[in-house]
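Chain by chain, the residues:
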Amino acid sequence: MKVPKIQNALIIGGTGMLAKASSHIARHVTQVTLVARAPDALATKIKAMPVAMNWNDMNSIQDVLKGMHHSLPFDVIVSWIHDEGIWCVAEFEKFLRHGGRSIRVHSSAVGDPSSGIKTDPPPPSGVVRQNVVLGWIEKGKHRRWLTNHEISEGGRRAGPGGRRHLQRFPDP
């Protein structure tokens, strides 16, 4: 089965630890919309449309959601959304085309992805949600948290051109 070309991507929270993943995605799609607190610098670098949004300001989130009604349907959404914004995950997913993919990036605090991510609201009908859970690397008797590069690599591998069913990064 041929995978359709992804033309329109929405990245939410992709300017920090996921900046390299955002850059990778931008190279593989026609149009990127980058939503973050301060999206301008990265959006300019990767030729994305910047949309500023503050998770701590309900009006800011509502304004962005209202503005999305003028966007084309997205083929894919990649999001790392803080706890205070979890309620709006499904609201953004409504802007996906039918059969579009929502890639949710989580820290290891959400638990085992095989039992579902309990913090997320259910996806809208017709949306395929994929969860990427990031954690740590075992080094002998010690463990260390993932670096920003490794976190971005997990998002990149799950995104356009990557693996469709990545459950955990790094792979066990």
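Scroll up to find the structure.
Residues numbered from 1 in each chain as written. Predicted model: local features only at pLDDT ≥ 70, side-chain atom pairs only at ≥ 80, totals over all residues. Heavy atoms only, no water.

**Q** How would you sum up helix α1 (residues 19-28)? Please name residues and give values.
**A** With seven of ten residues buried, α1 is to be regarded as a mostly interior element. Every buried residue of α1 is accounted for by A19, A21, S22, S23, H24, I25 and A26. (Buried < 20%, exposed > 50% of the residue type's maximum accessible area, 1.4 Å probe, protein only. Helix = DSSP H or I, 4+ residues; strand = E, 2+ residues; numbered from the N terminus.)

**Q** Please provide a residue-by-residue account of the side chain of S102, values included.
**A** Looking at the element boundaries, S102 is found in strand β5 (residues 96-106). S102 gets classed as buried once you look at its relative accessible area, which sits at 1%. A distance of 2.6 Å separates a polar atom in the side chain of S102 from a polar atom in the side chain of E93. Not counting chain neighbours up to four residues away, the residues in contact with S102 comprise I77, E93, L96, V127, V128, R129 and Q130. (Polar contact = N/O pair within 3.5 Å; in protein donor to acceptor, adjacent residues only side chain to side chain. Contact = heavy atoms within 4.5 Å.)

**Q** Which residues make up the side chain of T33, and what values go with them?
**A** By secondary structure assignment, the location of T33 is in strand β2 (residues 31-36). By relative accessible area, which is 1% here, T33 ends up buried. Apart from residues no more than four positions distant in its own chain, T33 is found in contact with A9, L10, I11, M49, V51, M68 and F74.

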